[in-house]
There are 2 protein chains.
Amino acid sequence: MSGAVRQCFVTLVRLGAMKYARLTVHVKKHSLSIKLLSVGTLSSFTAFSYGSSSPDVESASTWMSAPITDLKHLQENTGDMRCKMESLIMRIQADVCHALEKEELEEGGKKFQVDRWLREQGGGGVTCVLQDGTVFEKAGVNVSVVTGLLPPDAAIQMRARGKKMQGEKLKFFAAGVSSVIHPRNPHVPTVHFNYRYFEVEDENGEKQWWFGGGTDLTPYYLDESDAVSFHKALKKACDPHGKHLYPKYKKWCDDYFNITHRGERRGVGGIFFDDVDEPTPEKCFEFVKSCGDSVVPSYVPIVQKNKKKSYTYDERQWQLLRRGRYVEFNLIYDRGTKFGLYTPGARYESILMSLPLTAKWEYMHSPEPGSREAKLVEVLKHPKDWI
Amino acid sequence: MSGAVRQCFVTLVRLGAMKYARLTVHVKKHSLSIKLLSVGTLSSFTAFSYGSSSPDVESASTWMSAPITDLKHLQENTGDMRCKMESLIMRIQADVCHALEKEELEEGGKKFQVDRWLREQGGGGVTCVLQDGTVFEKAGVNVSVVTGLLPPDAAIQMRARGKKMQGEKLKFFAAGVSSVIHPRNPHVPTVHFNYRYFEVEDENGEKQWWFGGGTDLTPYYLDESDAVSFHKALKKACDPHGKHLYPKYKKWCDDYFNITHRGERRGVGGIFFDDVDEPTPEKCFEFVKSCGDSVVPSYVPIVQKNKKKSYTYDERQWQLLRRGRYVEFNLIYDRGTKFGLYTPGARYESILMSLPLTAKWEYMHSPEPGSREAKLVEVLKHPKDWI
């Protein structure tokens, strides 16, 4: 293997005015294969195959773009939590995007647009969006790795949650993957997930760290067996890390995704947690990894089962109304959206990719009593245990 | 005129399962005429013609429903600011609704649905919504007259604006009319207006009062002559009350309707003011009345001029994207929406009637340089003086 190939390998092929084809290079045992992964508006991509003991960083050739931190640094620091987390979220992003593209491919073949962006104040991200596909109306999977000073509103929120942090100048590091997938067919639910690692250092040099995250499902029509299989997959991801985790985080999810002014949950829930910092960073990381790895097996079978079902104009209109509720939750209540929009230099396109392609608001819409629409609302008003 | 006719006259005629025809009774000089005003889901309506010196309360027979306060009380207390304001906003609501129905009528005849509602904690409102019309996709005109204890978040906001209020238990009275009118045709701008009167009494019994309000225009395509005529009408309403008012409130409007994360104003502005309490309650009221009366002459000619213009699919899509921005402003930044949703017992359907029937969010949408869409965005990024 030549030194030149070992070096950062960036290949961009211009295809027309704004399009680039991304080439990744797999260098394994002295054989070189070049594979066209996707077409997007990528500005650069670097792939190495380097000696490493971490399975996440070893998957770098499949990632949607170069990571934010130099890949070599990630490969050489597989014991460092910041590096481990960045490699994990890059790998989860890639796994989810490839799984969704596969579902789309069978139907006509839309691909994710990949935007790697850097933030003036420190860090950056990789935003992947597949828009106006056959199966997915809008699917966004975003990685961000950000450093800087904590916005004052975020510090207030964290202190209200019990964090002790001295002084005003609070340095932070945040690495997370977040995603919202809005399918076109009203019989396929929307899914959201977000897994993140946070570090804050206060003016006295005291450091704190924690993990947060969750996955939750928002159906437009209630298929109980889908809700059950989804929750079972999440429970399976949680159980090896403590039998108490799934019930605790399931309830937290119902409490968090609450559209307070309507007295309705956003969907049929899932899991949600924050401030997880016990027993050790390593064990917390393994738990979050297990949750992140459950996204594809919990959700994709539901897509496969329902994506070819026929639907009516009225069913589509109901879906659009429910998407209006989704927008209400995200813009009025969601902590992540607020944190994002209030962070100086935030990339609002990445934060707001969670919004659906289309949403509706009808004044005083109320589903017919006894209808399938009313049955969904009943479950949203009174969350239930699915397993 | 018989005593019976002088009494509260409520007539409801059931038309099918959920529909009611509202009958108003005009009693003038011993002649009695009954006129079918509109069909809606009204629960009650009372109209009097009583001796009164206030032109607003004298128009009660044209109002969209009974006021929140007993009409007799309004008629007998025309010197009381709470009563004056309630009569004014009921009259402005009726004037706007009738003017819009007239535009709609020529095109096919959708009418406002009228909902009079009462709030457990005190007061209530009248919400009028015309949805899915030919000219107006969604038009809402809402009156609310509310009393109670100030929500803590609202008290924080008011103190931040300089209000001195002692104690935690702050009694308030608020009466206002607010409206958002979303036309179907992308060549007709959206308009918003809101005029309100506020009283707060703190724990020491200290009372404060002030007026607030504004009218602003959100075009989808920029017609400079429409922006100019709109601003001229607002200036004409302001000038008799002080030549300094229009420039001051025009700037305030540009500053307030700012979608901070995008660095874009919501539209081409208008006027916006708050905490107006000088020189006298009477003079402030006359100013607000003059502004409220300028809504129809500033906006309806623009509707008439543009409502029959043809438009393309792409123009409609652009309108829907801009409506997404409108939703972002209203749910993330608008003080009125937040105050409403955080007020216990608030009627969220009335607060959220401001949201468009349909909105879109496309990831990374950017208008072609030099296009009419780009020209609009240019003005939203750099507000200009129209007169």
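Residues numbered from 1 in each chain as written. Chains lettered and ligands numbered in written order. Predicted model: local features only at pLDDT ≥ 70, side-chain atom pairs only at ≥ 80, totals over all residues. Heavy atoms only, no water.

Under an unreviewed UniProt entry, the name given to chain A is coproporphyrinogen oxidase, and the organism recorded is Biomphalaria glabrata. The UniProt entry for chain A carries this comment under Pathway (unreviewed entry): "Porphyrin-containing compound metabolism; protoporphyrin-IX biosynthesis; protoporphyrinogen-IX from coproporphyrinogen-III (O2 route): step 1/1." Its UniProt record gives chain A a comment under Sequence similarities (unreviewed entry), which states: "Belongs to the aerobic coproporphyrinogen-III oxidase family." (UniProt positions renumbered as here; feature names shortened; annotations may be inferred.)

*Asks:* For this particular structure, what's the right way to read the overall build of chain A?
*Replies:* Broken down by element type, chain A carries 13 helices and 13 strands. The buried share of chain A, taken over its 387 residues, is 58%. Counting contacts in chain A only where the partners sit at least 6 residues apart, residues at least 24 apart contribute 68% of the total. As displayed, chain A offers around 16,100 Å² of accessible surface, 53% of which is attributable to carbon and sulfur atoms. (Helix = DSSP H or I, 4+ residues; strand = E, 2+ residues; numbered from the N terminus. Buried < 20%, exposed > 50% of the residue type's maximum accessible area, 1.4 Å probe, protein only. Contact = heavy atoms within 4.5 Å. Areas by Shrake-Rupley, 256 points an atom, 1.4 Å probe, with all protein chains shown as cover.)

*Asks:* Before we go on, may I ask you to explain the sheet that holds strand β5 (residues 123-131) of chain A in this structure?
*Replies:* Across a sheet, strands are paired by hydrogen bonds formed along the backbone, either parallel or antiparallel in direction. Residues and elements named next belong to chain A. An order of β4-β5-β6-β7-β8-β9-β12 is seen for the seven strands of this open sheet, with the pairing classed as antiparallel. The sheet is open, and its two borders are formed by β4 (113-118) and β12 (269-276), each paired with just one other strand. Direction aside, the axes of adjacent strands within the sheet are offset by 5° on average. When strand β7 (residues 171-183) meets strand β8 (residues 190-201), the two strands line up antiparallel, connected through 11 bridges. Residue pairing for β8: Val177 is matched across the bridge by Tyr195. Packing against the sheet, helix α8 (residues 281-292) makes contact with β8, β9 (207-218) and β12, and its axis sits at approximately 15° to β9. Contacting β6 (136-149), β7, β8 and β9, helix α9 (residues 295-306) crosses the sheet at an angle of about 160° to β8. (Pairing = 2+ DSSP bridges. Axes fitted to C-alpha atoms, helices over the stretch in contact; angles between N-to-C directions.)

*Asks:* Is there a simple way to think about the side chain of Ser371 of chain B in this case?
*Replies:* With respect to the helices and strands, the residue Ser371 of chain B is situated in the loop between β13 (358-360) and α13 (372-381). Of note is the side chain of Ser371 of chain B, whose polar atom sits 2.6 Å from the backbone oxygen of Glu368 of chain B. (Polar contact = N/O pair within 3.5 Å; in protein donor to acceptor, adjacent residues only side chain to side chain.)

*Asks:* How do you make sense of the relation of the copies chain A and chain B when you look at a structure like this?
*Replies:* One copy of the chain maps onto the other through a rotation about an axis plus a displacement along that axis. Between chain A and chain B, which share one sequence, the superposing operator has a rotation angle of 180° and an axial displacement of 0.0 Å; the RMSD is 0.0 Å. Considering both components of the superposition, the chain copies are consistent with a two-fold axis. Both copies share a contact surface, since 100% of the interface residues of chain A are interface residues in chain B too. (Least-squares fit on C-alpha atoms with pLDDT ≥ 70 in both.)

*Asks:* Could you clarify how one ought to interpret the pairing of strand β8 (residues 190-201) of chain B in this entry?
*Replies:* A regular strand places its side chains on the two faces of the sheet in alternate fashion. Residue and element names in this part refer to chain B. Burial runs high along β8: 11 of the 12 residues are buried. Linkage of strand β7 (residues 171-183) to β8, two consecutive antiparallel strands, is achieved through a turn of six residues. Looking at chain direction, β8 and strand β9 (residues 207-218) are connected through 12 bridges and run antiparallel. When the bridges of β9 are listed, Val191 appears paired with Leu217. What sits between β8 and β9 in their antiparallel hairpin is a turn of five residues, with Gly205 showing a positive phi close to 85°.

*Asks:* Can you help me understand the sheet that holds strand β6 (residues 136-149) of chain B in this one?
*Replies:* All names here are of chain B. Pairing is antiparallel in the open sheet, where seven strands are placed in the order β4-β5-β6-β7-β8-β9-β12. The outermost strands of the open sheet, each flanked by one partner alone, are β4 (113-118) and β12 (269-276). Going across the sheet, the axis of each strand differs from the next one's by a mean of 5°, ignoring polarity.

*Asks:* Just checking my understanding: could you explain the packing of helix α10 (residues 313-333) of chain B against α13 of chain B for this structure?
*Replies:* Residues and elements named next belong to chain B. The contact between α10 and α13 brings their axes to 11 Å, and the two run at 25°. By the angle between their directions, the pair α10 and α13 is classed as roughly parallel. Crossing of α10 over α13 shows right-handed handedness. Contacts between α10 and α13 involve Glu315, Trp318 and Arg322 on the former and, on the latter, Arg372, Glu373, Leu376, Val377 and Leu380. Split by residue class, the contact of α10 with α13 holds four nonpolar, no polar and four charged. (Parallel < 35°, antiparallel > 145°, perpendicular 65-115°, else oblique. Left-handed = near helix turned anticlockwise from the far one by under 90°. Nonpolar A, V, L, I, M, F, W, Y, C, P; charged D, E, K, R; others polar.)

*Asks:* Explain the interface of chain A and chain B here, please?
*Replies:* It is common to give the size of an interface as the accessible area lost on bringing the parts into contact. In this complex, chain A contributes 29 residues to the contact, which on the side of chain B involves 29 residues. Counting each side, the surface lost to burial between chain A and chain B is near 3,000 Å², with a carbon and sulfur contribution of 60%. Among the residues chain A hides against chain B, the three largest losses belong to Glu349, Trp361 and Tyr363 of chain A. Together they make up 27% of the total. Viewed at the interface, chain B and chain A are joined by zero salt bridges. Where the side of chain A that touches chain B is concerned, the elements lending two or more residues are β4, β5, α10 (313-333), α12 (348-351) and β13 (358-360) of chain A. Element by element, the count of residues in the side of chain A that touches chain B is highest for α10 of chain A, at four residues. Across three bridges, the pairing between β13 of chain A and β13 of chain B is antiparallel. In the sheet register, Ala359 of chain A faces β13 of chain B, and the bridge partner there is Ala359 of chain B. (Buried area = accessible area lost by both parts, 1.4 Å probe. Salt bridge = Lys/Arg side-chain N within 4 Å of Asp/Glu carboxyl O.)

*Asks:* Just checking my understanding: could you explain the pairing of β9 of chain B for this structure?
*Replies:* Residue and element names in this part refer to chain B. In terms of burial, β9 is largely enclosed, as nine of its 12 residues are buried. Pairing between β9 and β12: six bridges, direction antiparallel. Among the inter-strand pairings, Thr215 is bridged to a residue of β12, identified as Ile271.

*Asks:* When you look at the packing of aromatic side chains in this model, what are you seeing that I'm missing?
*Replies:* Each aromatic ring pair is characterised by the separation of its centres together with the angle its planes make. All names here are of chain A. On inspection of all chains with the given rule, the structure shows 36 aromatic pairs over all chains. Ring centres of Phe198 and Trp210 lie 5.1 Å apart, and the angle between their planes is 10°; on these two criteria the pair is classed as stacked. Separated by 12 residues along the polypeptide, Phe198 in strand β8 and Trp210 in strand β9 bring together distant segments of the chain. Note on Phe198: relative accessible area 8%, which makes it buried. Overall, the relative accessible area of 3% leaves Trp210 in the buried class. Ring geometry for Phe329 and Tyr333: centres 6.2 Å apart, planes at 35°, overall tilted. With a gap of four residues between them, Phe329 and Tyr333 both fall in helix α10, about one helical turn apart. Among the aromatic residues, those joined into a cluster by ring pairs are Phe193, Tyr195, Tyr249, Trp252, Tyr256, Phe257, Phe272, Phe273, Phe287, Phe329 and Tyr333. Its guanidinium or amino end placed over the ring of Trp210, Lys163 lies 3.9 Å from that ring's centre, counting from NZ or CZ. (Phe/Tyr/Trp six-rings, centres within 6.5 Å; stacked < 30°, edge-to-face > 60°. Lys NZ or Arg CZ within 6 Å of the ring centre and 35° of its normal.)

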